Amino acid sequence: MEPSMEVLSHLRVVEIGSSAATSYCARLFADFGADVRKVEPPLGDALRRSPPLTPSGRSAWFAFLNFNKSSIVIDPTAPQASRRLTALIEDCDILIDGRDVDVADCPFIDLAAVRQRRPGLICLQGSWFGRNGPYAGFAATDSTVRALAGLVRLVGPAEGPPMHAPDFQTGILAGLWGFIAAASSVVAQTQGGGGRSWSLSIFESSLALSEYLMSEAFACGDVMRRIGTNRFWPGSPVGIYETRKGWLGVTLITPAQWRAFCDMLGVSELRDESAWITGEDRLKHLEQIERVLMPRLKARTAQEWFAEGRKRRIPIVPVPEISDLLQDTEKKVRGAIVPVLFGEEEGLTVGSVQRLTLTPPRRGGKVPALGERQGVQNARRNLVGSASAPQSWQPLQGIRVIDFSMGWAGPLCTRTLADLGADVIKIEAIQYPDWWRGVDRRPAYIDAQMYEKTVRFCIMNRNKRGITLDLSRPQGLALAKRLVAGADIVVDNYSVDVLPKLGLGYDVLRTLNPRLVMMSMSAFGANSVNRDCRAYGSTLEQGSGLPSVIGNSDDPPGMSHIAFGDAVGGLNGCVAVLVALIHARTTGQGQFIDLAQIECMMPFAAPWITVHSIGGTPLKRYGNRHPQFVPHGCFRCAGEDNWIMVAATNEDMWQRLALVIGRPDWAADPSLKSEQARRGIEDVLERVIEAWTLTRDADQAMSELQAAGVAAGVARLPIELLKDRHLRSRAFLQEVERAFIGWHPQPSLPIREGSEPYPIRAAAPTLGQHNREILSGFLGLTDAEMAQLVREGIIGTAMLPEGELATTRKVSSD
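In what follows, the accompanying structure is described. (Residues numbered from 1 in each chain as written. Predicted model: local features only at pLDDT ≥ 70, side-chain atom pairs only at ≥ 80, totals over all residues. Heavy atoms only, no water.)

1. Notes on helix H13 (residues 302–311)
Phase 1: Looking at H13, one finds that the buried residues are Ala302, Trp305, Phe306, Glu308 and Gly309.
Phase 2: Residues of H13 that are buried sit in contact with strand S8 (247–251), helix H9 (255–265), helix H12 (286–297) and strand S9 (316–319).
Phase 3: Positive phi shows up at Arg313, right after H13, with a value of about 60°. (Buried < 20%, exposed > 50% of the residue type's maximum accessible area, 1.4 Å probe, protein only. Helix = DSSP H or I, 4+ residues; strand = E, 2+ residues; numbered from the N terminus. Contact = heavy atoms within 4.5 Å.)

Below you can see the structure in the form of structure tokens.
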């Protein structure tokens, strides 16, 4: 685990303040060799005391966030403390600042003066809600932010309360976004750019998980409700089911998958029911369907069903316990689970999931003791960047991306690159367009051009240019290769063998373009024994270990989202591409990235993996309670199915909460000062809090609690986010006009350089919209050549019905 000359070893990063988001951002830099210096007060970062704890009382969460960093202690009361911190920052390339979340006794620094003296400095400042807007001063926790972001209300039993997942989610999501901002700035510096200053909203970062349902709410209206544990709108079955041994994650989207699943279970009466072809139809009859399916699933073990499902290309997966992950040899071989040293304790944690094959990340490391330096400490270096960047110049301008991806994960990755200025060319085919345009191939759907009317597709594919090419035929393949020859990046999220079988594997493409960065975003990885398994975002959550820590002790493993893994995979893919791009721009060497999206979900379970690896500690599930904050929960408010998440994170906040709910005796009671003492009467506390919230509208309750400095967040529905006052005040939702849809809201990036988000430059392309612009204008095809490609069905602007696919193939071979 000795550091070497890794991709980012030329960078020095200073981390100040206390925030999971900024700590994870900094760890991603350390994973690839950056010299990361974490500044702490004499008592250490508060996250060092955050549960779950190892047998020796160390925080497994802190360990995951901070291995391979150095710790520098600065006492804010010491003489010259500010000068010492200023000198550290002026000698770094990137400042990652979490003080707006928790100042952590950080000495004062004049950041404006620092940036004036160091115009090449890249700065990232994280906060819960951004510097402005109605929520800007709110007290917050991971759970209250997720409630406000629409990630709690739709999860859990239909009768309530909604079920929140354990902490750590917002920190990981925002950390990924923070790294994307800072790393894209480094890419810009390889092209002559200077320093940049970014702000990061943790709340807006979490909306990466909500924007799909927000787009569906815009299109479909107020139709989403919580419908039960492991049940989600809009389709079904998407959930976790008990088998003879173990639990099985099931996701059935297409008619073919539904028929194959029914055949596997031997329930032809379900398969042949014409009213149950689509997931939306099946959801209306789910109880009737599950009465047939659930007894059949108990006939075999989860592993046996998984093996049978692989043969039939069905997206199912065993749902592992934490102990199962620790016994998974493949996860260790691939570096998804790595060794970590924390004092005298040796354990395992989740490693970097950005699997760069030429310049891989570090495999594990040591968590710094308070004040401990690690790695090579260079006294002086040639600092990266020399001038501040012009505000109008986006960091990835001049980068070209060829996008072979579909659905959510891959398109989110490439959309983020496009939002940051890259030229993204999306390649579809009229025979098989992006399935997020719709999976219905019946003539009526296509004749009405419904494939141009799905808002979800438009959300994921803005700022891109779109063409069509039939890659299964030589003419289409040759044109794709010509585009790749002039590109910087290629992204695909097909099954691992699809592009290689077409003649577009990395071994072929690198001969055309040695500096090419190519990323495969498969479910399990290119060298996995499960490499051929079909998966969706829900499958990735089901197989990650996270469901085993959600819910109460007697609950089944619980999902927390309809397609959690998609957004997470997309963001991790963007991180991986940017690291590889930095290497390519500085050395001329491209490389292949083998991103396994199921591994991208594992950081959310990392603390429990560490604790279990050290002592085999039995997992404790807290439901809506919390291992550190008491009280903590989701409480019913006035009206129908209205809820609020409330947390008391320390003694002062507890006393303020007690006063707000009319219990000054509790606030004054010294015996209730400690979290341990309050845990003894947790049932009583929750009853009294809910008696208070029941008399108030959820927003009124939040306003009263926040006015007193108590962390609270309304459990929002996705449709409510479209009119959220904070998002509106920050211009987060931008109105964009597109053919077939008209004006519709588009979410902005949660990272911004000024007070306003980057404007959205272009709506999502219609099918084949830019064929002439790119094939003729860029590749130089003549009008006659273009017309011939249209006649042969190699390009086009209209999706083909299922019945015409064979005809197209026959015409092309005549």
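2. Details of the nonpolar core
Phase 1: One finds Phe29 and Phe261 to be the most contacted residues of the largest nonpolar core, which totals 196 residues.
Phase 2: When residues in this core are grouped by element, the largest group, 14 residues, is from helix H23 (residues 564–587).
Phase 3: When residues no more than four places from it in sequence are discounted, the contact partners of Phe29 are Leu8, Leu11, Val13, Ala34, Val36, Ile94, Ile96, Phe179, Ala182 and Ala183.
Phase 4: Core analysis: the next-biggest nonpolar cluster, separate from the first, contains 31 residues, Met406, Ile427, Leu477 and Ala487 among them. (Core = buried A, V, L, I, M, F, W, Y, C linked by side-chain atoms within 4.5 Å.)

3. A short note on the environment of Leu581
Phase 1: With respect to the helices, strands and loops of the structure, Leu581 is situated in helix H23.
Phase 2: The residues touching Leu581, leaving out its near neighbours within four places in the chain, are Val187, Ile399, Asp488, Ile489 and Val517.

4. Side note on the side chain of Thr22
Phase 1: Residue position: Thr22 is located in helix H1 (residues 20–31).
Phase 2: A distance of 3.2 Å separates a polar atom in the side chain of Thr22 from the backbone oxygen of Ser19.
Phase 3: What Thr22 contacts, discounting residues up to four positions off in sequence, is Glu15, Ile96, Asp97, Gly98 and Gly126. (Polar contact = N/O pair within 3.5 Å; in protein donor to acceptor, adjacent residues only side chain to side chain.)

5. Let's talk about the sheet that holds strand S16 (residues 489–492)
Phase 1: If you trace the 6 strands from one edge of the open sheet to the other, you get S15-S14-S13-S16-S17-S18, paired in parallel fashion. Since the sheet does not close on itself, it has two edges, and those belong to strand S15 (464–468) and strand S18 (591–596), each with one partner. Strand-to-strand twist of the sheet, defined as the mean angle between neighbouring strand axes without regard to direction, takes the value 20°.
Phase 2: When strand S14 (residues 423–428) meets S15, the two strands line up parallel, connected through 5 bridges. Looking across to S15, one finds that Lys426 is bridged to Gly466. (Pairing = 2+ DSSP bridges. Axes fitted to C-alpha atoms, helices over the stretch in contact; angles between N-to-C directions.)

6. Some points on the pattern of salt bridges
Phase 1: Counted by the stated rule, this structure contains 65 salt bridges.
Phase 2: Between Asp35 and Arg12 there is a salt bridge whose closest N-O contact spans 3.2 Å. Residue Asp35 is located in strand S2 (residues 35–40), and its partner Arg12 is located in strand S1 (residues 12–17); the two are separated by 23 residues in the primary sequence.
Phase 3: With relative accessibility at 1%, the residue Arg12 sits in the buried group.
Phase 4: The closest approach of N and O atoms between Asp423 and Arg465, which form a salt bridge, is 2.7 Å. (Salt bridge = Lys/Arg side-chain N within 4 Å of Asp/Glu carboxyl O.)

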